Amino acid sequence: METKELRKKLIVNFSKFIQDDTKLEVLEGVFDAINNEEMTSLVSDEHYLKVEEARAEYLSEISSASSWEEVELRLNAKHGF
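The rules behind each value
Residues numbered from 1 in each chain as written. Predicted model: local features only at pLDDT ≥ 70, side-chain atom pairs only at ≥ 80, totals over all residues. Heavy atoms only, no water. Helix = DSSP H or I, 4+ residues; strand = E, 2+ residues; numbered from the N terminus. Rg over C-alpha atoms; globule rule 2.2 N^0.38 Å. Areas by Shrake-Rupley, 256 points an atom, 1.4 Å probe, with all protein chains shown as cover. Lys, Arg positive; Asp, Glu negative; His and termini not counted. Charge placed at Lys NZ, Arg CZ, Asp CG, Glu CD. Phe/Tyr/Trp six-rings, centres within 6.5 Å; stacked < 30°, edge-to-face > 60°. Buried < 20%, exposed > 50% of the residue type's maximum accessible area, 1.4 Å probe, protein only. Expected span 1.5 Å × (residues − 1). Patch = residues over 30% accessible without salt bridge, like charges linked within 9 Å, V, L, I, M, F, W, Y side chains within 5 Å. Salt bridge = Lys/Arg side-chain N within 4 Å of Asp/Glu carboxyl O.

S.K.: For this particular structure, what's the right way to read the overall build of the protein chain?
M.R.: Secondary structure assignment for the protein chain yields 4 helices and 0 strands. Against the 2.2 N^0.38 benchmark of 12 Å for 81 residues, the protein chain shows a C-alpha radius of gyration of 27 Å, more extended than a compact globule. Its C-alpha atoms give the protein chain principal-axis dimensions of about 70 × 35 × 30 Å. Carbon together with sulfur atoms contributes 57% to the accessible area of the protein chain, which is approximately 8200 Å² in total. Charged side chains in the protein chain number 10 positive and 18 negative. The centres of these two groups are separated by 10 Å.

S.K.: Teacher, can you tell me more about the packing of aromatic side chains here?
M.R.: Ring pairs (aromatic) are described by centroid distance and by the angle formed between their planes. With the rule as written, the count across this model stands at 1 aromatic pair. Ring geometry for F14 and F31: centres 6.0 Å apart, planes at 20°, overall stacked. A residue pair is termed long-range when its members are at least 10 positions apart, and F14 in helix α1 (residues 3-17) and F31 in helix α2 (residues 21-35) qualify at 17 residues. Residue class for F31 comes out partly exposed when judged on its relative accessible area of 38%.

S.K.: Looking at this structure, I do not really get the environment of R74. What am I missing?
M.R.: Tracing the chain through its elements places R74 in helix α4 (residues 68-79). Take R74: its relative accessible area is 47%, and that puts it in the partly exposed class.

S.K.: What's the story with the environment of N36 in this structure? I'm lost.
M.R.: Note on placement: N36 falls in the loop between α2 and α3 (45-59). Through-space distance from the C-alpha of N36 to that of E70 is 49 Å; in sequence the pair is 34 residues apart.

S.K.: Looking at this structure, how should I read the environment of Y58?
M.R.: Relative to the helices and strands, Y58 resides in helix α3. Spatially, the C-alpha atoms of Y58 and K16 are 53 Å apart, while their sequence positions differ by 42 residues.

S.K.: For this particular structure, what's the right way to read α4?
M.R.: Residue pairs three or four apart in sequence face the same way in an α-helix, which turns once every 3.6 residues. Over its 12 residues, α4 extends 16 Å from the first C-alpha to the last, a length consistent with the 16 Å expected when each residue adds 1.5 Å. G80 lies just past α4 and shows a positive phi near 75°.

S.K.: Explain a nonpolar patch on the surface to me, please; I cannot follow it from the model alone.
M.R.: Taken together, the side chains of V26, V30, F31 and I34 make up a nonpolar region of the molecular surface, amounting to roughly 380 Å² of accessible area. The topology assignment puts V26 in helix α2.

Pasting the structure below:
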């Protein structure tokens with residue numbers, strides 16, 4: 001769609017939206033999201049580092065994790081499942 005056509009379509013749609021208060025609130029949220037450059041993360045940098053270290057350990061296979069098959073065998077041996 002060309003810019004002129006898109007602009008006309010948006011003008012028509014906005015004229016419909018601004019007549020409904022609930023849609024105005026939604027539009028305000030959209031505009032707020034567009035206008036916010038960068039929001040600070042709720043997750044700390046330290047947590048990202050911990051996740052990165054755990055992922056690196058997992059990928060290097062240093063981890064002491066067991067496969068589901070190994071867990072199932074141990075449970076069967078210990079509890080008879």
